[in-house]
Amino acid sequence: MIQEDKKPTGRVKCADVCAETNTDACNGACGDVTAGESVSAPTHVCESMLQQVRTMSIQESILASNQAQQSLHTFARIASLLFLYEPHQEEVRALLQVLAAQDARTLTEELWFFDAGCVRDSSHVGSAARAEDAPQAERVASCVASTTSCAASVPSTLSKSCGAHTPSTPCTPNVPSALPVPCSLQDMQNCIENLQQACSYALEHNEESVWEYRRLFVGPTHKAAPPWGSVYTDYQEVMFGASTLELRAWMRACGITQTQHDNMPDDHIGLLIALLDSLLPERLDCALELLQLHLLPWCGHFFGILERETTHPLYRALARFCNAYLNNVWYITQLSVVIPHFYRV
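Residues numbered from 1 in each chain as written. Predicted model: local features only at pLDDT ≥ 70, side-chain atom pairs only at ≥ 80, totals over all residues. Heavy atoms only, no water.

(A) Main features of the side chain of Ser57. The topology assignment puts Ser57 in the loop between α2 (47–54) and α3 (58–63). A distance of 3.1 Å separates a polar side-chain atom of Ser57 from the backbone nitrogen of Glu60. (Helix = DSSP H or I, 4+ residues; strand = E, 2+ residues; numbered from the N terminus. Polar contact = N/O pair within 3.5 Å; in protein donor to acceptor, adjacent residues only side chain to side chain.)

(B) Just the nonpolar core, in detail. Counting 84 residues, the largest nonpolar core has Phe83, Trp250, Phe302, Phe321 and Tyr325 as its most contacted members. Broken down by element, the residue count for this core peaks at 15 residues, all from helix α13 (residues 284–309). (Core = buried A, V, L, I, M, F, W, Y, C linked by side-chain atoms within 4.5 Å. Buried < 20%, exposed > 50% of the residue type's maximum accessible area, 1.4 Å probe, protein only.)

(C) Summary view of the state of the cysteines. Taken as a whole and assessed by the stated rule, the structure comprises zero disulfides. Take Cys286: it sits in no disulfide, and the sulfur closest to it among the cysteines is that of Cys254, at 3.4 Å. (Disulfide = S-S within 2.5 Å.)

(D) Inspection of unusual backbone geometry at higher detail. Here Gly219 and Pro220 are connected by a cis peptide whose omega angle stands at 20°. Its location among the elements puts Pro220 in the loop between α9 (206–218) and α10 (230–233). Cis geometry marks the peptide bond from Leu280 to Pro281, where omega comes out at 0°. In this fold, Pro281 is placed in the loop between α12 (269–278) and α13. The phi dihedral of Glu237 falls on the positive side, at around 55°, and the residue is not glycine. Tracing the backbone shows Glu237 in the loop between α10 and α11 (242–254). With relative accessibility at 36%, the residue Glu237 sits in the partly exposed group. At Phe240, a position not held by glycine, the phi torsion is positive, near 55°. Within the fold, Phe240 resides in the loop between α10 and α11. Judged by its relative accessible area of 40%, Phe240 falls in the partly exposed class.

(E) Representation of the pattern of salt bridges in the model. Overall, the coordinates contain six salt bridges when judged by the stated rule. Taking the shortest distance from any N to any O, the salt bridge between Glu86 and Arg214 comes out at 3.0 Å. You can see Glu86 sitting in the loop between α4 (66–84) and α5 (90–101) and its partner Arg214 sitting in helix α9, a full 128 residues away along the chain. For Glu86, a relative accessible area of 15% gives the class buried. A salt bridge links Glu309 to Arg308; the nearest nitrogen and oxygen atoms lie 3.0 Å apart. Given the relative accessible area of 28%, Glu309 is considered partly exposed. Relative accessible area serves as the criterion here: at 44%, Arg308 is assigned to the partly exposed category. The network of salt bridges with common partners includes Glu307, Arg316 and Arg320. (Salt bridge = Lys/Arg side-chain N within 4 Å of Asp/Glu carboxyl O.)

(F) Representation of α12 within the structure. For α12, the tally of buried residues reaches seven of 10 residues, placing the bulk of the element in the interior. Every buried residue belonging to α12 is among Ile269, Gly270, Leu271, Leu272, Ile273, Leu275 and Leu276, and all of these are buried. Each element contacted by the buried residues of α12 is listed here: α4, α11 and α13. (Contact = heavy atoms within 4.5 Å.)

(G) Just the packing of aromatic side chains, in detail. Taken as a whole and judged by the stated rule, the model has 16 aromatic pairs. Here Trp112 and Phe114 contribute two aromatic rings whose centre-to-centre distance is 5.1 Å and whose plane-to-plane angle is 85°, an arrangement assigned as edge-to-face. Comparing Trp112 with Phe114, the two get one shared label, buried. Between Arg214 and the ring centre of Trp211, over which it is positioned, the NZ or CZ distance is 5.3 Å. (Phe/Tyr/Trp six-rings, centres within 6.5 Å; stacked < 30°, edge-to-face > 60°. Lys NZ or Arg CZ within 6 Å of the ring centre and 35° of its normal.)

(H) Expanded view of the environment of Ala101. Assignment of secondary structure puts Ala101 in helix α5. Distance in space between the C-alpha atoms of Ala101 and Gln197 is 9.7 Å, their sequence separation being 96 residues.

(I) The packing of α12 against α13, seen in detail. At a minimum axis distance of 11 Å, the contact between α12 and α13 shows a crossing angle of 150°. As far as their axial angle goes, α13 and α12 are roughly antiparallel. Note that α12 runs across α13; the crossing there is left-handed. Packed against α12, whose contacting residues are Ile269, Leu272, Ile273, Leu275 and Leu276, the element α13 presents Ala287, Leu290, Leu291, His294, Leu295, Trp298, Cys299, Phe302 and Phe303 at the interface. Looking at the contact of α12 with α13 residue by residue, the classes come out as 13 nonpolar, one polar and no charged. (Axes fitted to C-alpha atoms, helices over the stretch in contact; angles between N-to-C directions. Parallel < 35°, antiparallel > 145°, perpendicular 65-115°, else oblique. Left-handed = near helix turned anticlockwise from the far one by under 90°. Nonpolar A, V, L, I, M, F, W, Y, C, P; charged D, E, K, R; others polar.)

So, in structure tokens, the structure goes:
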């Protein structure tokens, strides 16, 4: 039974995160009360923790959960490796073997954190930054101001059976896009089952998979699906374009070390997904800005082109899986995302 508080000082007391452990006596770890002292309610938390909750945006609180971070880590491990490295490399082959052998339902449950928090007060929808977080607000305003006008809609040929959808309404220049339609748990499992079958195919046809990776992403001449954002958003369709420079400026403002990988532009889809994972859990605000300003605006367009340009099972399945997953992340965080004009379609 919860006892009466015997020290009514008005301070918030704790029971070492008693809201989660449901205990009614503090262990003294917070420094707010004496060890063993009873508290008046199981929802009390220590003052430092309460302050952290007060200053955390609703989007940050979603990504702060252990389930969300485990999901994002698993997604990043899969997507970044498959986009950054050729299928014959040892770590990619090891990943393909693990994915092909893993139970689809288990992997789906590990990736799924989208049930909680999807429906919230509309006043929170699409908030780019908290008013009290001036540096974050300035970074967001600066980046959004430099974003080009968006296209009439984001083209995509992704299969609805995998839950891969584009925003539900066309986007208007300089106006945030409508939220994407989220995929269901069953849709996500379908995507993962398709990806697993494709991993088995890639292992059995490794040389074919390597050549397809090079044709899509490497060259040496025309790349069928370049994995860099500026190729799609820069009017010259070049690497190291304006959006790459904007990304680097944002990284400097956030104090993020440059992510160069073999002199590769920072806006490579695999590098951005790996960077997203590295920002969790300490830099939730920057993780959300990365999604809002530098990943979600163009990745759906890229995934659509990737699926259109390949008949290889691995890269078609990868495009569908990544698009479905990131659309759900977009939907649950309700981020305000401006879709730019795409010069390469």
